[in-house]
Structure formats: structure tokens, C-alpha cells
Amino acid sequence: MKRARTPQKSHPAPIDPSTDDEEYTLAEIVDDDSASDGDTVFFSAESDTEEVDGINSASEEEPAEDEDEGDDDEGDEDEGDEIPEGDEDEFSSDQSPEEGDEFASSGDDEEEEEDDGTVRVLRKKPLPEIDPVYDEDTSDEETANTVGNVPKEWYDEFPHSGYTVDGKKIMKSAKGDQLDAFLSAMDDPDTWRSVYDNLEDRNIVLTKEELEMIKRIQKGDFADPTSNPYEPTVEWFSSKTQITPLSAAPEPKRRFIPSKWEAQRIMHIVRAIRQGRIVPGKKADKKKQQSQFYSIWDDATEPTDRIMHIPPPKASLPEHEESYNPPEEYLPTQQEIEEWEKTDPQDRPRNFVPKKYNNLRNVPGYNRFIQERFDRCLDLYLCPRVIKKKLNIDPESLIPKLPNPRDLQPFPTTLAITYKGHTARIRSISIDPTGQYLVSGSDDNTVRLWEIVSGRCLKTWTFDEPITFITWNPNKALSLIALASHTSVYIITPKKASPEIQSATDALISHMWANQTKHTNAEWTKPTDKHAAQGRLVTIRCEKNVTFVTWHRKGDYFATVSPDGASKSILIHQLSKGLSQNPFRKAKGLVQRVSFHPTKPFFFVATQRTVRVYNLQTQTHQKTLQPSTKWISSLSIHPAGDNLIIGTYDKRLSWFDMDLSSKPYKTLRYHKQAIRNVSFHSRYPLFASCGDEGSVNIFHGMVYNDLMMNPLIVPVKTLRAHEVVDGLGALHCEFHPTQPWIFSCGADATIKLFS
Amino acid sequence: MTTEQPPSPATSTNKVGDIQVQVRFRTRQQQHAVTDTAILVPARLRRYGLSEIINHLLGRTATDTESDETTLKPIPFNFLIDGKFLQTSLKTYLDNHGLSTENIVELEYVEATLPPSPAAAFEHDEWISSVRGHSSGLVLTGCFDTLGRVWDRSGVCKAVLKGHSGPIKSVSWIPESSIAERYRFVTGGQDAKVFGWEYDAEGNKSRILYECVGHTGSVEGVACSPDGKELATVSWDGCVLLWNTDPNDVEEAEDDNGGESRKRRKLKSDQGADSSVIPLKRAQKRLTGHVGPISCVTFAPTNSAMLVTGGWDHTVRAWDVEQSTNTVTRNCEKVVLGMDYSGENGLIVTGHSDGVLRLWDLRAQEGQTVKLHLSSHTNWVSSVRWSSTNSYTFVSGSYDSTIKVWDIRSTTPMYTLAGGDKTKEQKVFGVDWVGEYIFSGGEDALLRSFAAKV
């Protein structure tokens, strides 16, 4: 309604019901109009549109149709005519407006159109909608079939074809046979344009317009003959100032206030110019422009393992004898031709006989062309075809099948006890062979004795120098600890053992003092009384710094290592006699660790690069193991004696099967930093390594009695044990002798027990 | 026993859509018994809702503001379904166990216990390794400073026991041996010695009755038989020694055939406060079988001839004391650190180095070795003790500085008490539960006591 109103206001419309009221509605207009004469307004309006349309689309019929619709609305009841004729329409068009009530409703439509028409000067005359069904329905309402969208076949067996609004059956019309149909068709002039309506059960005669529409649709045109897809555009809004503009609204404010966004944008550029990011007037960089486009083939950096391009050999220039018109001297004589023919085709110096032609057009076609093509095809056909086999192996299948770590329990998993008390980094720990006590040697010059199960520090010994290594005597009948500090090796007793063991220990030491004869390689001294009261038994002075001490399994011999001691770098001491021997005249390298074999009289010496195995009984060199690493840090021998592991400062752990080879059976790289110590468990199939990143790695290392089976190595756990202090993490790790627990000590001055 | 008629199912006013379950309430506490008929209750109810129903049935509806003498105050109840505590709503329980809501649910209810409240903390000089309470109110502690102490409830240290030369690892009262304010007890220490003591409450004096000689390793556990006549000690050397507790059945020091040790002992007794020579006692029996250190020992409270030990060889062994035979051996994969035998239900609870509590029924035949695993502790469990008043509850102390109170009808601990400063990783070494008090001692050097009414 609003749409209808606005044009009226902007344009002096013919209908002006003397009011400017905004709330004026169409209904009121209609009421007013119907109350008054009714011919004043709408007729003029209609005539207007007709004129316009006449100018525009120049179709005579359309106004007629316009009225036709109006006519159908009103007057169908009177006439009951099913085939409206064009002429009749024109008649009724003039008369129809006279009918008051109906006119009001139709005037509704007309008014709108009229309004539109007046505004849009070039608008085509809109056509009334053709609605044949509606037409037919209104013409015989009482028989309207309300059966709905139901397949008509359902009513094939019934006498009726549907139902009226009231629910009464609509009987089918009587149908004659083919002859009747033909006769009636002959009688009826409209047969050619009638269509049978299945629903209503009767023929419908199509109007002229409907036929026209069908034709147009068949042609592929618009169904509506008046529609023009190429209407000229109308410039509603243009640069020209209209006298009567489409909208009288004042200019919006934003037209004359400066744009904020633009200001921002400008400021952005200004700032860039100030900062020098944009230099005004400078031309765009040439290089940049060049780099915009590049040849994708130009720098094929992809390395090729084969020659990509082999230029073909240059064809030699044709010689004289190859000419079609060679000089006489190049032409072969008859004898030469015979000779050529006699020779085997493979041995002929050339595969043609020079011939002379007077001109090029006399040269015949190549007579061997077919033969050569055939030979070539035969070659290709017979050439051997090698099928290149592609390796198609699932990489997953190459990974060795390892058991699930969960099935390999027990192994240490969780932190149980932290032993606190030391104030500097702890270099070494050792657990007594019964598993009750733990000793630790630290850089704070102290040795502490701990009870494992409670985490209680029971005793502290103070020395003059940092403790570099400490180890408990493996003999359960003795209670002795050997420790290395600076150039000295001390033997101490914790005095925690039972009286029997303690007395045996004391007896051994006193016996040693009694039997001792001379100092050869190291100086054995008795401690002062004060120190003796604390438990110190022996002090052995070596020439150089001692870094490592290890006991023989029986607890009488022990070996010490001073890496920079040259020929005296390895000393083997005998406690019961107070003797020190130097078994090696010459050092074969920087000695790192030594070890006694757990069952046989073998002695392992780990230098920087290799591990040498000596037989102590025969005093011969047995074997050299080559781990191919740069610097060995530690060594541990499997309790069965046939396998050993070494840890290296270059982060590797190597497992040697000594029956297998002098090369490592497995090399494991699980550490990110240097490995400080490796250790086997004496009972469980476990081994561990600790490194400078502060972690302890636990591995399952099963050695089978069956010689044919290789050891099974499975990494099972990484324990984040110690904090890294000054680049040092876990410095030593050792297993509990009876339980699957591991102790580790580190640069953070703590000892930790994982159970 | 004033029970009113329960609301009939028809008249129960519950929200539409609630699933209702028929419940029959039972109790063994006859003073709280209610009607035996099944009652329709909403399935969404949890412990509190059910407890309200019981209190309603009992007529215990008094609120705090009411001071009416006739109406009683409500009592909190716990509910057991199939022998386990109901910890969820009825609906969740039935859903989880795939039970129908159509059937009648049997609910047993017991009076809920209050959480133990810290009662006192008595300071020691050093870590406490072992704690034992006495029904008279005295508490015996063994300490890492080689001293034993006897405390009374008011926090007065009644006696300081000097004798050991190493940390005391285990203490035990000798039951039924106290004649009129004279209490006897034994202590075992890391110095491989076991001392029998007597504390005279009247004169407030303590003296060493005898020293038990025989162990060669740290004495890790001592236990007395319920009749107070037998004493069993276990040691790091892997053997169990049995002694009688009779103070008169001792050898004179002169009879000792080890000349050197006698000399030492004389020397020591000269230095000691007790100038007289300490009588020695020899072991009556030696039980060997453990392949490794033994950490704990306990007598069967109902049977003085049955002894149970647990050790580092991952075994729990039962021994017949009279015949000196190992009757039952049960194996688990972890070191046994603490154990206790309940006389009322015959179950043994053990604490292990994996933080798991295991319940054993040694009467059961082979097959199911461990009856129940209870895990909540995050570190080694050092000691466990059954409640002396309730056959379902026990207390455990762990290296994770907590003490947990358990009910074997529930798989989660009932209460968790602080046994030390968790940030300092202070370990708990000993717990005991006597009457209404839980005692604990550990690395924080405090004898803590908690009032626990169960």
C-alpha cells in the first residue's frame, strides 16, 4: 500500500482525494470511490495507461485482454460461456466498469497498475494473468471436482470420476465409441484446439492467446509475447540534476564530513613516508619486478643421478659418392659392384652403391625403406624386456619385534626415596652386598653411610679431598669400603656389621699389617688413631690421581686406575698382604675403567677407544673389543660373564657379546648427553645407564643360556632422576643387589632410589 | 526401638519420572534396627538421602534448634550393598553392576564414623621408627637417636630408654604381663640387639630386664604373642628367633662363652646407667626359610602358635611356632614392609614397596593368593595396623607422608591424615591404632595422635 501511495505524492496523480493524510489507505480510497460516482478517477487512469501502452508495446490485443480478465471476474456467472471470444471481450470491456461492487475490487488492481504506469513512463502494459483453470472453475463451480491430485486410473472402475465440494459424486459423462468421437470431431470446428481435461472429464477449447503461448514455448521464446529481455536501461540516478528528483531527501551528512577511514589510510601512508618505508617518486624495484616472473625450468636444483641430455652425434656431411650425381671417379666399376655384391652385407664398407643421375627428379625412391622399417620393428619386438623389481617392504615389518615393556616387569619405575644431606655433587655411590646400606662419596669431601630402607644418614666421614669413587667390598663376610680421593685410596669399615663380620674384618687388617713387607708401587700407611676410631683402616698413596677402584669378587684384590699415571696407571692391590702390583709395563692408552671378570681370571681394561681383555693366570692378552667410539666412560660386565656393556661420552651404549665378535652386538643411542655410568643388575635381567642430561635409562637385557639365542635388549624406562647442574646430571647409578631397584646420584647433591 | 510405619509405596510423594527402587534395610547394630519390610525409595538417593530415611524411620528428626527431649538427633549412617560401601547413588550402583531396579535391594547400614581428628603431637629429637600404643594410654616410641621413649596421653615423656647402640627399629608391648602398673615391652634395634624392658608407672622408673642375644643383623621387627609368653623377632639376617618373655629365664653373664663379647658387654654395662650386668636370654627357636631379610612379624591374635612374617624375598610366610615349621608361603612381587593380622576377620594386611596394600587370607587354599589390592598410597607403605575395635578398618602409614584409614568394604581410603610435611617428603615409619586413638611417627620426629572413633 505504501508502494502505491508514494508515487501519488511525488507526482500529481489524477486521483487526489483532497487529503494529505499519511495514514490514508487504499481501502479508504476504494470506499470513497465506490461511494462517489466511481467513473471520475479510474476511467481516466485506465485511459492513461492504455495510451502509454499503445505507444510502448504497440500491441492491440493486450488492453483487450486486460479487460478480459476484469470481465471474467465479474461476468462469468451471467454468461456461463466457456469459450470466450476475443470480440466478446472487447464488448464486455466497456461495460464491465459499470458494475459497482465488482468494480471496486478490480479497481484495486487497476489503481496500482495505473500508479506504476504513470511513474514509469516507459513501462510496458502488464498483462492480466491467464489462469485457464481458474476460468473454467468459476464457469461451472457446482461441478468442480475436488478429488485432488489422485491418479485418475483409480476411478477407472467406478461410474464417477470424483467428488464435488459437498462430497457428491461427479458422474462420468457418457462416452461414445470411436465413431461417435470422430463424428463429433468432424462437427466441431474447434476440435483442433480442444484438449481433453481428464479431471473434469470434458474438452477444453484453447483460446487464441493460449495457442499463441504454446507456439512460443515450442519455439523456445518467452511465453509472454510482450516480455522484452532487451529493455533499454533507465538511468534513474545520474549525474544530471533532475528538476523533479526521485528522492527529495536532503544530502546525508556523511557526504560532507571527512571520512575517518580515509584519514586513517592517509595517515598510514604518511607514517610510512616519514619512516622511510615508502619513498615517494621512487620507481618500483626492478629486481622485484623481475622476481615476480621466473622460469620454472630455469634452476632445476634437483640433483640428477644420470645424464639428462646426450646430444646426438653430428651427421657428417654428404660425401661425393653419396651425391645423386657424383663425379665419374667415384662411380664404381662393374667389377667393384660385383665385388660389393659378393661381400657379406655386414662386411660391406658402405651399404649403397653410388649411382649417377642426371637430375634430382630421376632419383628413385629408397628401395630398402620397407626392409629397414621391418628390421627396426623386429629389433624392437625382440629386444629383451627387463622387469625392474621395486622394493616394496613395509617399514614397520623391519622393526624387530620387541616384547611390551609391561611384560618385562619388574623394573624400577617410580621415585621412592631421596637421600638428602650432601652439599656438593655426588660422584659415586655403592650399595653393600646385603642391600641394607648405601655409601656415597661427594665433592664436599665427605662419605656418607645411609640406611636404604629409611633414607637415614647413619654416618659421615670427612676427608681432605673430593671423593672420586667409592665401592663396597663384594665379600659378604667382610665389611669394607674402598674409596678413592685425590691420589689416595682409603679402606674404611662402617662398623655396622655384626660382631663376627666386624672381627673378621679387623683380623684381616691386623694380619695384613703384620705380614706386610715392602712398598713397591704404592705406599700403604696406617691411619692416625683419631681416624682409626672413625673406621679408617688403610691409606694407600699412589703417584697420580686415582679415579676408579674396583674389587675382585672375592674381596681380597682390588684394582685402581690413575689415567695419567702412564706406566703405573693400573695397580692391583692385595688387601690380605698389603701389596700393590703393576701388571702392565706400558699403558696402551688413557685407561678409563678396569674390571675383574665375575667368574674367570680375566681382567678388562677400558682405554679411551678399546677394551682389552687379559688373562691374569697366563698373563696374556686375550682379546680386544672395538666399540668404534671416541671415548669410553664406563664398563659393566654381565654377572654371567659373557656379555659386557660400555657407556661412552659420545652418548652411546654398546653391548658386546664376547663369544660373538669384537664389534658391538648392539649400540644403543638413548641418551642426549654423555653417558657417565652403565651398570648390570646382579640378579634381574636389567641394565641401566645414566647420563649428563640427568636421566637414567633402564633396559631389559636378557641373556639366554642357549648359545644360539642372541641377547634380548628392550628399553623399558627412562627415569628423570636429577637436575642438571653445571652441565652434569646423573653421575653414577647402581642397582640394588637383591631388588629391582636402582640408585642414582647426581650433580644436584641427591641420591635417589627408584623402585 | 520405636519404629513407625514406613510410608507405603502408594502414598510416597516423589517427583514423576524418578525411578524408584524397593529397598530393604538391615543392620547389625540392633539399637538402630528398623522395619524389615521393603520400602520404595528414589533411586537417585545417595548415602545422605538414605541416611535421612533411616533417621526418619527411627524418629530421629530433631534439628539443632530444637531442644525437645523426646526427639533424638539424627545419626549419620553408611550403607553397604553386597558388602561394599555405597559411594554413588543407588541408580549409578545398579547401572554399574547391571542390576535391575525391579528387584528388592538389600542395604545394610552402619553408623558412620567421624573422620579422625588430630589430637596431639609430641616432639622427639630424631625420626621415629616405630610406635606402639597401650590400652592404658601409654605410648612407646622407638627412635633413630637410639633411644626409646614412653609417653603418656598428656604428652609427658615418662621414660627414656637407653640401651641400644643403633637406631631402634621396632618396639612392642608385652601384653598381659603387666602386674599392677608395671608395663613390660621389648625393643629391637639396628645394632642387632633386642632388649626387654619394664616400666614402673608408680616409681616412674624403667629398667632393662634382659637382652636377647642371637641376631646377626639389624632387628627389623618384634612381636609378642597374645598371651604374652612368646616373643618373636625378625632380623636383616633372614631368620626368625623365638624367645620366652619370662624375665627370670635368663643366663648369667658369666655363662656366656664368647669371651670377647662378654668383655665388651661388661665394659658397656659399666658405662651404662644401669650398673648391674644385663641378664642375657638365648633364643628358644630359630625359624629359617626366608631367603633374604625379614622386615615384619606378627602373631595371630587368636592363636599364639601361629606367626606370620613378611620379608624382602617378596613372601608372606606363616609359621607353626610349636613345631617350628613354615606352614604357608605366599608370594607377591614386591617387598613386604609392614603387616598386621586381624584376629576378628583372620585377614592379613601387608604394606609393600609399590604403595599397594594387599589383603591375604592364609586360610584359603592355593589359587587366589591376594584377596584384595588397595592402592591409594603413592610411595612405600611402611606400616599397617588393624583397628582394635572394628574388624573392617585398619590404618596404613606410607612414605608419601600420609596416613590412610581404610575400610575393607571400600576400595578407596575412608580418610587421609597428614603424617608429615608432604613438600619435604617426610616419611611415616610407624602407625598404631589402639582403642580410639591412631598414633603415628615418622621423619618429622613428631608422635602424632588422632582421635578416631570407629
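Residues numbered from 1 in each chain as written. Chains lettered and ligands numbered in written order. Predicted model: local features only at pLDDT ≥ 70, side-chain atom pairs only at ≥ 80, totals over all residues. Heavy atoms only, no water.

Enquirer: I'm lost on the overall build of chain A in this one. Help?
Expert: Counting its secondary structure elements, chain A contains 16 helices and 33 strands. Classification of the 755 residues of chain A by burial places 38% in the buried group. Long-range contacts, defined as pairs at least 24 residues apart, comprise 50% of the intrachain contacts of chain A with a sequence gap of at least 6. Approximately 47500 Å² of chain A is accessible, and the part contributed by carbon and sulfur atoms is 52%. (Helix = DSSP H or I, 4+ residues; strand = E, 2+ residues; numbered from the N terminus. Buried < 20%, exposed > 50% of the residue type's maximum accessible area, 1.4 Å probe, protein only. Contact = heavy atoms within 4.5 Å. Areas by Shrake-Rupley, 256 points an atom, 1.4 Å probe, with all protein chains shown as cover.)

Enquirer: Looking at this model, I keep getting lost on unusual backbone geometry. Mind explaining?
Expert: Negative phi values dominate among residues other than glycine, just as trans dominates among peptide bonds. All names here are of chain A. Gln-409 connects to Pro-410 through a cis peptide bond whose omega is 10°. With a phi close to 70°, Asn-445 is a non-glycine residue in the positive phi region. Locating Asn-445 in the fold gives a position in the loop between strand E7 (437-442) and strand E8 (446-451). Of note, Lys-495 is a non-glycine position whose phi angle comes to about 55°, a positive value. Residue position: Lys-495 is located in the loop between strand E12 (488-492) and helix H15 (499-515). For Lys-495, a relative accessible area of 42% puts it in the partly exposed group.

Enquirer: When you look at the state of the cysteines in this model, what are you seeing that I'm missing?
Expert: The term disulfide refers to a covalent linkage connecting the sulfur atoms of a pair of cysteines. Taken as a whole and judged by the stated rule, the model has 0 disulfides over all chains. Distance from the sulfur of Cys143(B), which forms no disulfide, to the nearest cysteine sulfur (Cys157(B)) is 9.7 Å. (Disulfide = S-S within 2.5 Å.)

Enquirer: For this particular structure, what's the right way to read the confidence of the model for chain A?
Expert: Residue and element names in this part refer to chain A. Chain-level statistics for chain A give a pLDDT mean of 78 and a share of 79% at 70 or above. The least confident element of chain A is helix H3 (residues 41-56), whose mean pLDDT is 38; the most confident is helix H10 (residues 260-275), at 94. The low-confidence segment residues 1-122 (pLDDT under 50) makes 88 contacts with residues lying over four places distant or belonging to another chain. (pLDDT = per-residue confidence, 0-100.)

Enquirer: Explain the sheet that holds strand E10 (residues 467-472) of chain A to me, please; I cannot follow it from the model alone.
Expert: As a general point, the strands of a sheet are linked pairwise by backbone hydrogen bonds and lie either parallel or antiparallel. Residue and element names in this part refer to chain A. As summarised here, the arrangement of the 5 strands in space is E10-E11-E12-E14-E13, forming an open sheet in which the pairing is antiparallel. Pairing within the sheet leaves two strands with one partner each, and these edge strands are E10 and strand E13 (523-525). This sheet shows a mean twist of 20° between the axes of neighbouring strands, independent of strand direction. Of the pairings in the sheet, the one linking E13 to strand E14 (residues 536-541) comprises 3 bridges and is antiparallel in character. Within the sheet, the bridge partner assigned to Glu-523 lies in E14 and is Arg-541. Across the face of the sheet, H15 comes into contact with E13 and E14 while running at roughly 40° to E14. (Pairing = 2+ DSSP bridges. Axes fitted to C-alpha atoms, helices over the stretch in contact; angles between N-to-C directions.)

Enquirer: Mind showing me how you'd approach H15(A) here?
Expert: For an α-helix, the turn length of 3.6 residues means that residues three or four places apart are oriented alike. Residue and element names in this part refer to chain A. Under the 1.5 Å per step criterion, the end-to-end length of H15 is 24 Å for 17 residues, consistent within 8% with the ideal 24 Å. Restricting attention to buried positions, one finds in H15 the residues Gln-502, Thr-505, Ile-509, Met-512 and Trp-513. For H15, the buried positions fall inside an angular range of 100° around the axis, keeping them on one side. Tucked into the core, H15 has its buried residues touching E13 and E14. (Expected span 1.5 Å × (residues − 1). Arc of directions from axis to C-beta.)

Enquirer: Just to check I follow, could you spell out the pairing of strand E20 (residues 294-300) of chain B for this structure?
Expert: Both faces of the sheet carry side chains from a regular strand, because those side chains alternate between them. All names here are of chain B. Judged by how many residues are buried, E20 sits mostly within the fold: 7 of 7 residues are covered. Where E20 and strand E21 (residues 303-311) come together, 6 bridges link them in antiparallel fashion. Its bridge partner lying in E21, Cys-296 is registered against Gly-310. Counted along the chain from E20 to the antiparallel partner E21, the turn is 2 residues long.

Enquirer: Would you explain the nonpolar core in this entry?
Expert: Membership of the largest hydrophobic core comes to 34 residues, with the highest contact counts inside it found for Ile491(A), Val538(A), Phe558(A), Val594(A) and Phe603(A). Contacts of Val594(A), omitting those with residues within four sequence positions, involve Phe548(A), Thr550(A), Ala559(A), Val561(A), Ile570(A), Phe603(A), Phe604(A), Val605(A) and Leu635(A). (Core = buried A, V, L, I, M, F, W, Y, C linked by side-chain atoms within 4.5 Å.)

Enquirer: Where do I start with the sheet that holds strand E27 (residues 675-680) of chain A in this structure?
Expert: All names here are of chain A. Taken in spatial order, the 4 strands line up as E27-E28-E29-E30 in an open sheet, and their pairing is antiparallel. Either end of the sheet is taken by a strand with one partner, and the two such strands are E27 and strand E30 (712-720). Strand-to-strand twist in this sheet, taken as the mean axis angle between neighbours without regard to direction, amounts to 20°. The pairing of strand E28 (residues 686-691) with strand E29 (residues 695-702) spans 5 bridges and is classified as antiparallel. Residue pairing for E29: Ala-688 is matched across the bridge by Ile-698.

Enquirer: What am I meant to see in the packing of aromatic side chains here?
Expert: The way to describe two aromatic rings as a pair is by their centre distance and the angle between their planes. All names here are of chain A. All chains considered together, the criterion is met by 38 aromatic pairs over all chains. Between Trp-631 and Tyr-649 the ring centres are 6.0 Å apart and the planes differ by 80°, which places this aromatic pair in the edge-to-face class. Separated by 18 residues along the polypeptide, Trp-631 in the loop between strand E22 (620-625) and strand E23 (632-637) and Tyr-649 in the loop between strand E24 (643-648) and strand E25 (653-657) bring together distant segments of the chain. A residue is classified by how much of its surface remains accessible, and Trp-631, at 35% relative accessible area, is partly exposed. (Phe/Tyr/Trp six-rings, centres within 6.5 Å; stacked < 30°, edge-to-face > 60°.)

Enquirer: Help me understand the interface of chain B and chain A, please; the structure alone is not making it clear to me.
Expert: Interfaces are often sized by the accessible area lost when the parts come together. Each side of the interface is counted separately: chain B has 23 residues, and chain A has 25 residues. Where chain B abuts chain A, roughly 2100 Å² becomes buried across the two surfaces, and 50% of that area is made up of carbon and sulfur atoms. For the interface between chain B and chain A, the tally reads 2 salt bridges. Measuring nitrogen to oxygen at the nearest pair gives 2.5 Å for the salt bridge that ties Arg456(A) to Glu126(B). At the boundary of chain B with chain A, the tally comes to 10 residue pairs in polar contact (both at pLDDT 80 or more). Broken down by class, the residue content of the side of chain B that touches chain A amounts to 10 nonpolar, 6 polar and 7 charged. (Buried area = accessible area lost by both parts, 1.4 Å probe. Salt bridge = Lys/Arg side-chain N within 4 Å of Asp/Glu carboxyl O. Polar contact = N/O pair within 3.5 Å; in protein donor to acceptor, adjacent residues only side chain to side chain. Nonpolar A, V, L, I, M, F, W, Y, C, P; charged D, E, K, R; others polar.)

Enquirer: Sorry, what's going on with the confidence of the model for chain B here?
Expert: When pLDDT drops low, the exact placement of atoms in the prediction is not to be read closely. Residues and elements named next belong to chain B. Chain-level statistics for chain B give a pLDDT mean of 82 and a share of 87% at 70 or above. Per-element confidence in chain B ranges from a low mean pLDDT of 44 for helix H3 (residues 259-271) to a high of 93 for strand E28 (residues 381-386). This model gives residues 1-16 a pLDDT under 50, and the stretch forms 19 contacts once residues within four places in sequence are excluded. Note that pLDDT drops below 50 for residues 254-275; the model gives that stretch 19 contacts with residues more than four away or on any other chain.

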